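Close look at the chain arrangement
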Amino acid sequence: MDLITTAIEPVIAIAEAVYELFMKDKANQEQCQRLARCVRTLLQTLDSLQRQDDLTRHSVELRQRLVALKDTLQMAEGLMCKQESRGQLKRLLKAHKTSDRLEELYERLSDEHNQLTLLLQVEQREQVQLVQDTVDRSEQKLDSLHNMVKLLQSDWNVRGPDAPCSAASQDAAKSSIAQYKTYIQEQFGKVKEYNSLPGSDWVMVSERYTDLVIVQRHREPHRREEEIRGKGTELYSAFARASKHYLCTTVEQFFSPDSKGQVPKAVILQGHSGYGKTFTVHKIMDDWASGKMYKDLFDLVFHFKLKELNNVKENCSLVDLLPCENIDKSTVLHVLQESPQRVLFILDGFDELRLSAEDLNSSCPLKPEIAESSKTVLLALLKGKMLSKSSLLVTTRSTASRVLSDILKGPQRFTEILGFYATGVENYFQTFFAGEENARVRERALNHVMGTDTLLTACFIPVTCWIVCNVFKDVLQEDTDIPSVLDTTTSIFAHFVFTQRNYHGPSLDDNQWSLLLKSLGKLAMDGVMKQIVLFDECDVDQKMSDNHPFLGKVFQKKVSKVETKYSFMHLSFQEFFAALFHLSDLDVAKKTLQRVQEDLSTADQKLHMSHLLPVVQFLFGLLNHNVIRLHSLSEPPDIRFLLEEWICELIRAEEGLSRTHNIQIFILHCLYEAHEAGFVERAMNVWNRINLDGIPLKKTDCSVLAYCVRHCSSLERLILTHCNLTGDKLRVLTEAIGMSEELGLVVEELRDGDVDHLVTALKEGKIVADLKVKNSSLSLKSVLQVLDTLTKQKQVDTVDVNLRVPYENSTTATITMEIDNSTIAATSIENGEDVCLIEQPQQVETPGLHISLERVISSALYSAEQLRCEHFLILGLDDPMLCISGVSVSQSASPELFTNDWTSLLRTVHNLADSPVAKQVDVVQSCLLQVPDVKMVELMLSYLTADIATKFLSFSQACKTLQSGRCKLSEGAGGQQKSVCSDVSLRKTATSVRLTVKPPTGESLSEITFAMATLSEESDWTSVFKKIGAMSGSSGCVDLSFVHAVSGLQSLLLTVTCLTECWATALLSLLQAPSSAPPKYCSVSVLEPPFDTKDSICSFLSVEQDGNNIMLVVEYTKQVLACAEVQITDVSLTLPQTHLASINLHTIRTLGDLHQGTLEFVVQVSQVQGLAKITLIVSSLTGGWADTLRALILKCPTLASITLDAGQGGRGLLLEEGLRVLQDTLQSLRKCHSRRQLTITLTGKRCSKKSNPCTAPGDCERRCNRSIQMHSSQLKAFTHTFLEKEREVEVEEEEEKEVVEEEEEKVEVVGEEKVVREVVEEKEKVVEEVVRAEKVEEVVVREAKVEEEVVVREEKLEEEEVVVEREEKVEEEVVREQVVRDEEVVVEEEELVREEKVEEEIERRAVEDTGLMDTYRDEDTDRDEDTGLMDTDRAEDTGLMDTERGCKTVCPCSCGLQ
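Since the model is a prediction, treat every value here as computed from it, not as a measurement.

**Quick notes on the overall build of the protein**
Helix and strand content of the protein: 48 helices and 37 strands. For the protein, buried positions account for 47% of its 1458 residues. Residue pairs at least 24 apart in sequence account for 72% of intrachain contacts in the protein once pairs closer than 6 positions are excluded.

Printed below as a string of structure tokens:
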């Protein structure tokens, strides 16, 4: 009860509210009405659910479903409320967009309702099944007792009261039924193949049968269209969705109770021809006879092949029609009379039964022993007039299912065979090629089918799957190449069509068959041109006779009727029949090819006729001589020449065509489908430069490419980059690649077995424009084999090899879990849906050597003709026991020839585990010295000791061509405790060497850089590295004396986490050492971003020797405090080297803390000895700050440079009063002829007004202030540099306003009222002009927008007028042609009538004279038949002309094309 209260009742309340909203909506009335019906059905289900007593078994699942349903209903309620809140006009405008959302909502509600219904069905089925089992057991006992009584009564009546009563009659009946089952097993347990020889090729049904996709509901047209258009995996995905939406079932469940507990008495099994209906019936018969199916449901099962009943003329009873050769008729009659509910009649092929109106209206016999016509007896059984309690299973095509449903008794169950799942195709191949001896053929055939979308699509039809398997069985017994012997896709489709004629279609002579193919082709081509797959019934009736093989019916519910539509089995078959139609008319073929050629050449992708490409491809396949000869097709005389010229012209233009539709692959498949050596050779001689870059190739595409290239006499260039090529595809293309003179190739997932094919394909003397090997696993031998092959080529441009080499002592690279076949693909049909469970093999990657080799060619900087080539080799080692985890090398190389200088290095690194750990770095560096022209080396190490770092420097010195080198700890290295460094990097130029060392932790010292002219052997690098490692974590006193161990040191750069006075003192001490040659430049900086600024005296400190002087530069953190008036960002001191010890570091730190502009500021700054440069940031340059700078200049005679920023980034004001003070200061210094070296730089905003400039610091955001930089050197006047664009118009307006204000003030002083009025008027005029100008600008902008909209509308109207004019012209031409044609037909008919009357009169007189009236009647009959044939010919000609007019009609996409 808690579940009902908390879950069901809120859902019902929301559903009722949503139902009311749907019923009110008018903008999308049709969709909302459909949604309302869906919600109403949902409410009924919820109401029945609410009345359930016990829901505890499914409470969790049911709660989840109800929550999901509630969310969906709330979304629907929100959508409809939003729709209702809109206005009527806006609602109509948004109707299209809302329609899509309503469609999506309908699907979601349907899914939720189905899930809920299925959940309830499970419970109901279990309960019903439990009750049904109990009832069945009771009925079986009662039936047994009843039958026993009947038999006893029968014996009593026959033998009389005195005759002895025995149980032999029961035993005789059981024996007779057992004998009948044995007969059924013999007859239905095996079937003959279509191509069986007499007395051979029988196939066991139980071994060959494969589960089919069977659904229980009619599919909606849009679902059916989705299946028809789907290709390959898309089609099978559509089947999976259909099995979910339309209740997938199996043959075992045909007579199981439905969701309401009702057991059907009649089951319709619908399916196209060749879909497996008859084979399924054989399976049912065999399984029943062997006790595997329906054992507890039916005592007798009878099979009728309804096509044979057409030949039964005499009257007979049902018992006479039954196949009772091996069963006693009395037993059959007894079971039919006493236990009809235990009998199943299987009626196979209702669509082949020829029923007349007289048969349908005739009276039906009521008992099985009454004799009537065979069709009347059968109809009595179907209608339930006879044996109403018996069960029926009737197979039919969709074309007759409507009639069958109308006459069949109830309750009925509809089922339809859709075909195979993708797994079903695989299973069929497994059963067809059973046995180990066929394993290789099975694998190759299945791989080829799975790689070909067209074949995979066709194989969902069981009979097509059989045809494909037979083709492969014939051609793959020997180990041959598939494309050289395999039939084309067109030939397989042709096999299917003509197999249908021989075994499944109506009995037609050759002439009728040709007319049928022509009608089908005409219908198919009309659909292809209009891009439709569902045809109206009237269109089909106009083009077709009553026989509709290859077509299926689709029923669509309308308001007052059920509409019938037709479709081909799949779009591929529609395209095939459209291609057949082209063989009958050369003009149609010309028009199609011309249209495709024009549309492929257009730049508008929307106009590309991609839907015509499969038709053209099939047309090429129909030109194959074997197809024409085998199926007796007629070939127009010039069509072969037409197609050859067309394909050659398309090849010449393919480079300029868009790659949207992969025209190159289309051309290759057209040539392959033709499969004529001479034809292909002539076309391929035109196409000697093939570029398939970026086009994904399937294995079938590779086979087709290999076939076509094999017929090319000279292939200059072949580009196969980014084509998803793998090792197995490379094997197919080996010969084709080898024939090309220039090659571009990208291949993935190579294995050792594929390398020989790659080497064979590359050969020697080839131009390799691009070669990439990716995601591959090869042995070292195979890698070296590929590299050695590249050295034999004429020219190699770009190479990119990315692969791994497993270690020789490692286990197998891939571990695959063995899975029992029963668990690989398990299909569970529960709740109306299929669940496919596939367990994927688990792969475990073993340790190995990762190799990445890249060859890059680039042009030189100043010369376009000179090229520069570099090789980049990156090696990654997976073994954690090695000292080295990675090696990176770059090398200069020849831009033309490829040289393999890596053999020794690759072997050494691959076998590095054989060397002692202490010697591994030495071994690798020794190999690197053998590689010529090395530019860069980088080693990734698990630990980095002082000895390893020193040896690396020795290697760098020995390698003369080395420009940069690096040793660093790899990420996650476990040897940091014994490492003295984490990173040692070296950069060499012709004049200097720069060495950067990073300690392992970097807690205090982040990095240290040494700059010197060369690496001197006198330097004690081992002790240097050890000292660096020791001081990385020290936080107390700093000792940099170890730097003196570096000989020839020119510069020293330190990066620390906190620049304390200890670090600054240590740096200054280096320059004071008396017995050593200190570096000329030393600096220490704080790591960015700063880790600790509280204890740092500054952010940067450098000391540089300049003769006998020392220049000290100090920088502070560049961050302006909001409350600060001033902040010093950097200062520079210049003083004699002897005064270095007198530098007061505390004073330097104090400068960085100054925030207030007072006299104390000048005093403290001026106390710094040797102050040469200072940089300040102030809020704005006021008169007071200018006085402070003036005092600072006079107080510090050594000050030579002042840089001042007004505000952060120069966004403060440079006020005029401050600038005047500085200008006066410069002028006074100039008069005194002192401080000529002084330089002042000011950056900020300055008011651009000529009068009344801004005087307040807060006016910096006014428009009149412009960013500016002012500079003065050697006491000269300030020069100005504007940092922003001028705003002259705005400044002039403000100046004009200020002028008017000044004039007003003057007028008030003078007292001249007249002047005041004039000034006021002038002011008003100025304001009005400004306002008028702004309005004019707004009007101009509006007019421009309006003009643009008008232009766009006019263009649209012109386009619509053009389309309308074209439509009117086409309609006028059609009407004019129709009128002329009608007049010609009328004239011809009148002439024919006149001639017939004359001939009749002459013949009648001749007959009267000779007395041969009987002969006249025969001749009159012949003439009537001839006239019917002439009418048929005229109808066909009229249909062809209608088709031509249809091809000229305007394209439905409103593009204007005809």
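**Some points on the packing of aromatic side chains**
Scanning the model with the defined rule gives 21 aromatic pairs in all. On the basis of an interplanar angle of 85° and a centroid distance of 5.6 Å, the ring pair of Tyr-294 and Phe-298 is categorised as edge-to-face. Per residue, the accessibility class of Tyr-294 equals that of Phe-298, and both read buried. Here Tyr-428 and Phe-432 contribute two aromatic rings whose centre-to-centre distance is 6.3 Å and whose plane-to-plane angle is 25°, an arrangement assigned as stacked.

**Things to note about the pairing of strand β33 (residues 1171-1178)**
Taking burial as the measure, the eight residues of β33 include seven buried ones, the bulk of the element. Bridging between strand β32 (residues 1126-1136) and β33 involves seven bridges; their strand directions are antiparallel. In the sheet register, Val-1126 faces β33, and the bridge partner there is Val-1178. Handedness of the β33-helix α44 (residues 1183-1195)-strand β34 (residues 1201-1206) crossover: right-handed.

**Some thoughts on the sheet that holds strand β8 (residues 391-396)**
Spatial strand order, β4-β3-β9-β5-β8-β7-β6: seven strands in an open sheet with mixed pairing. This sheet does not close on itself; its edge strands, each paired only once, are β4 (248-249) and β6 (300-305). Where strand β5 (residues 266-270) and strand β9 (residues 412-419) come together, five bridges link them in parallel fashion. Bridge pairing in β9 places Gln-270 opposite Glu-416. Across the sheet, helix α10 (residues 277-289) is in contact with β5, β6, β7 (343-348), β8 and β9; its angle to β6 comes to roughly 155°.

**With respect to the side chain of Ser-1099**
Relative to the helices and strands, Ser-1099 resides in the loop between β29 (1081-1086) and β30 (1100-1106). Residue class for Ser-1099 comes out buried when judged on its relative accessible area of 15%. At 3.4 Å, the side chain of Ser-1099 and the backbone oxygen of Tyr-1116 are in polar contact. Beyond its immediate sequence surroundings of up to four residues, Ser-1099 is in contact with Leu-1059, Val-1084, Ser-1085, Val-1086, Glu-1115, Tyr-1116 and Thr-1117.

**Topic: the state of the cysteines**
According to the stated counting rule, one finds zero disulfides in the structure shown. The structure places no disulfide on Cys-981, whose sulfur is separated from the nearest cysteine sulfur, that of Cys-967, by 9.7 Å.

**Details of the packing of α44 against helix α45 (residues 1216-1232)**
Between α44 and α45, the least distance of the axes is 7 Å, while the angle of their chain directions is 25°. In terms of orientation, α44 lies roughly parallel with respect to α45. α45 is crossed by α44, and the crossing has right-handed handedness. Note on element contacts: α45 touches α44 through Glu-1217, Gly-1218, Val-1221, Leu-1222, Thr-1225, Ser-1228 and Leu-1229, opposite Gly-1183, Ala-1186, Asp-1187, Leu-1189, Arg-1190, Ile-1193 and Leu-1194. The class makeup of the residues in the contact of α44 with α45 is seven nonpolar, four polar and three charged.

**Describing the confidence of the model for the protein**
For the protein, mean pLDDT is 76; residues scoring 70 or higher make up 74% of the total. Confidence, read as mean pLDDT per element, is least for strand β19 (residues 833-837) in the protein (32) and greatest for strand β23 (residues 934-941) (94). Here residues 1424-1430 is modelled with pLDDT under 50, and outside its nearest four sequence neighbours on either side it reaches two contacts, counting other chains as well. Predicted confidence for residues 1432-1458 stays below pLDDT 50, and this span has 39 contacts to residues more than four positions away or in other chains.

**With respect to the environment of Gln-1137**
Checked against the element boundaries, Gln-1137 lands in the loop between β32 and α42 (1145-1153). Taking the C-alpha atoms as reference points, Gln-1137 and Asp-1106, separated by 31 residues in sequence, lie 9.1 Å from one another. Excluding anything up to four places from it in sequence, Gln-1137 contacts Leu-1071, Gln-1105, Gly-1107, Asn-1108, Asn-1109 and Ile-1110.

**A look at the pattern of salt bridges**
Across all of its chains, the model carries 15 salt bridges by this definition. A salt bridge links Arg-710 to Glu-735; the nearest nitrogen and oxygen atoms lie 3.4 Å apart. Here Arg-710, found in helix α32 (residues 699-710), pairs with Glu-735, found in helix α33 (residues 727-738); they are 25 residues apart in sequence, far enough to count as distant. Look at Arg-710 and you get partly exposed, because its relative accessible area is 29%. Given a relative accessible area of 45%, Glu-735 falls into the partly exposed group. Glu-742 is the partner of Arg-717 in a salt bridge, and the nearest nitrogen-oxygen pair spans 3.5 Å. Remark: Glu-742 occurs in strand β15 (residues 740-748) and Arg-717 occurs in strand β14 (residues 715-725); sequence separation between them is 25 residues. Looking at Arg-717, the relative accessible area reads 29%, which means it is partly exposed. A single network of salt bridges, built from pairs that share partners, joins Asp-922, Asp-947 and Lys-951.

**Thoughts on the nonpolar core**
Counting 328 residues, the largest nonpolar core has Phe-345, Ile-647, Leu-720 and Phe-1010 as its most contacted members. In contact with Leu-720, not counting residues within four places along its chain, are Leu-692, Leu-697, Leu-705, Leu-725, Leu-733, Ile-737, Gly-744, Leu-745 and Val-746. Counting residues in each nonpolar core, the second largest holds 30 residues, with Ile-8, Ile-14, Val-18 and Leu-105 among its members.

**Some details on a positive patch on the surface**
Taken together, the side chains of Lys-305, Lys-307, Lys-313 and Arg-354 define a basic patch exposed on the protein surface. Locating Lys-313 in the fold gives a position in the loop between α11 (306-309) and α12 (318-321).

**Details of the environment of Arg-208**
Structurally, Arg-208 is set in helix α7 (residues 205-208). Along the chain, Arg-208 and Ala-434 lie 226 residues apart, while their C-alpha atoms are 9.5 Å from each other.

**Overview of helix α30 (residues 663-674)**
Across its twelve residues, α30 extends 17 Å between first and last C-alpha, which sits within 8% of the 16 Å expected from 1.5 Å per residue. With twelve of twelve residues buried, α30 is to be regarded as a mostly interior element. All of the buried residues in α30 are Ile-663, Gln-664, Ile-665, Phe-666, Ile-667, Leu-668, His-669, Cys-670, Leu-671, Tyr-672, Glu-673 and Ala-674. Looking one or two places after α30, you find His-675, whose phi comes out positive at around 55°.

**Side note on unusual backbone geometry**
In this model, Gly-410 is joined to Pro-411 through a cis peptide bond whose omega is -5°. Turning to its location among the elements, Pro-411 is positioned in the loop between α16 (401-407) and β9. With phi around 60°, Leu-1275 is a residue other than glycine that occupies positive phi space. In this fold, Leu-1275 is placed in the loop between β36 (1265-1273) and β37 (1279-1282). Judged by relative accessible area, which is 0%, Leu-1275 ranks as buried.

**Quick look at the pairing of strand β35 (residues 1239-1247)**
The element β35 is extensively covered by neighbouring structure, given that eight of its nine residues are classed as buried. Sheet topology note: the β34/β35 ladder contains five bridges and is parallel. Each residue of the ladder has a partner; that of Ser-1201, found in β35, is Thr-1239. In terms of handedness, the path from β34 via α45 over to β35 forms a crossover that is right-handed. In this structure, β35 lies alongside β36, joined through nine bridges in antiparallel fashion. Looking across to β36, one finds that Lys-1245 is bridged to Ser-1267.

**Re helix α29 (residues 639-653)**
With 15 residues, α29 should reach 21 Å at 1.5 Å per residue; the first-to-last C-alpha distance of 21 Å fits that figure. Burial in α29 covers these residues: Ile-639, Arg-640, Leu-643, Glu-644, Trp-646, Ile-647, Cys-648, Leu-650 and Ile-651.

**Digging into the environment of Val-1178**
Here Val-1178 shows up in strand β33. Under the relative-accessibility criterion, Val-1178 is labelled buried at 2%. C-alpha of Val-1178 to C-alpha of Leu-1213: the two residues are 35 residues apart in sequence and 9.7 Å apart in space.

Rules behind the numbers
- Note on numbering: residues in each chain are counted from 1, in written sequence order.
- Residues qualify for local features only when their pLDDT is at least 70, as the model is predicted, and side-chain atom pairs are given and counted only at 80 or more; totals for whole chains, interfaces and linings, by contrast, use all residues.
- To obtain the side-chain values, all non-hydrogen atoms of the structure were included, while hydrogens and water were left out.
- Think of it this way: any DSSP run of H or I at least four residues long counts as a helix, any run of E at least two long counts as a strand, and we number them from the N terminus.
- Buried means the residue's accessible area, taken with a 1.4 Å probe over protein chains only, is under 20% of the maximum for its type, while exposed means over 50%, and partly exposed covers the values in between.
- The criterion used for residue contact is that any of the two residues' heavy atoms lie within 4.5 Å.
- When two rings of Phe, Tyr or Trp (its six-membered ring) have centres within 6.5 Å they constitute a pair, described as stacked for plane angles under 30 degrees, edge-to-face for angles over 60, and tilted for the intermediate range.
- One requirement defines pairing of two strands: DSSP has to find at least two bridges between them.
- Note on handedness: a crossover is taken as right-handed if, strands pointing away from the viewer, the path from the first strand over the helix to the second is clockwise.
- With axes taken as lines fitted to C-alpha atoms, and helix axes fitted only over the stretch in contact, angles between N-to-C directions fall between 0 and 180 degrees.
- Any pair of N or O atoms that falls within 3.5 Å is considered a polar contact. Within protein, one atom must be able to donate a hydrogen and the other to accept it, and sequence-neighbouring residues count only if both atoms are side-chain atoms.
- We call a pair of cysteine sulfur atoms a disulfide whenever their separation is within 2.5 Å.
- Reported orientations rely on four angle classes, namely roughly parallel under 35 degrees, roughly antiparallel over 145, roughly perpendicular from 65 to 115, and oblique for the rest.
- For any helix crossing, the convention is left-handed if the near helix is rotated counterclockwise from the far helix by under a right angle, and right-handed if that rotation is clockwise.
- Note that Gly is not counted as nonpolar here; it falls among the polar residues with everything else outside the nonpolar set of Ala, Val, Leu, Ile, Met, Phe, Trp, Tyr, Cys and Pro and the charged set of Asp, Glu, Lys and Arg.
- Note on scores: pLDDT gives the predictor's confidence for each residue, bounded by 0 and 100.
- By salt bridge we mean one thing: a side-chain nitrogen of Lys or Arg within 4 Å of a carboxyl oxygen of Asp or Glu.
- For our purposes a nonpolar core is just a set of buried Ala, Val, Leu, Ile, Met, Phe, Trp, Tyr and Cys residues, chained together by side-chain atoms within 4.5 Å.
- Patch members must show over 30% relative accessible area and no salt bridge, and they are joined within 9 Å when carrying like charges or within 5 Å when they are nonpolar side chains of Val, Leu, Ile, Met, Phe, Trp or Tyr.
- Only the protein chains shown count as cover for residues, with accessible areas throughout obtained via the Shrake-Rupley method and a probe of 1.4 Å.
- His is not counted, nor are the chain ends; Lys and Arg add positive charge and Asp and Glu add negative charge.
- Where a charge lies is defined by one atom per residue type, namely NZ (Lys), CZ (Arg), CG (Asp) and CD (Glu).
- Residue count minus one, scaled by 1.5 Å, sets the expected span of a helix.

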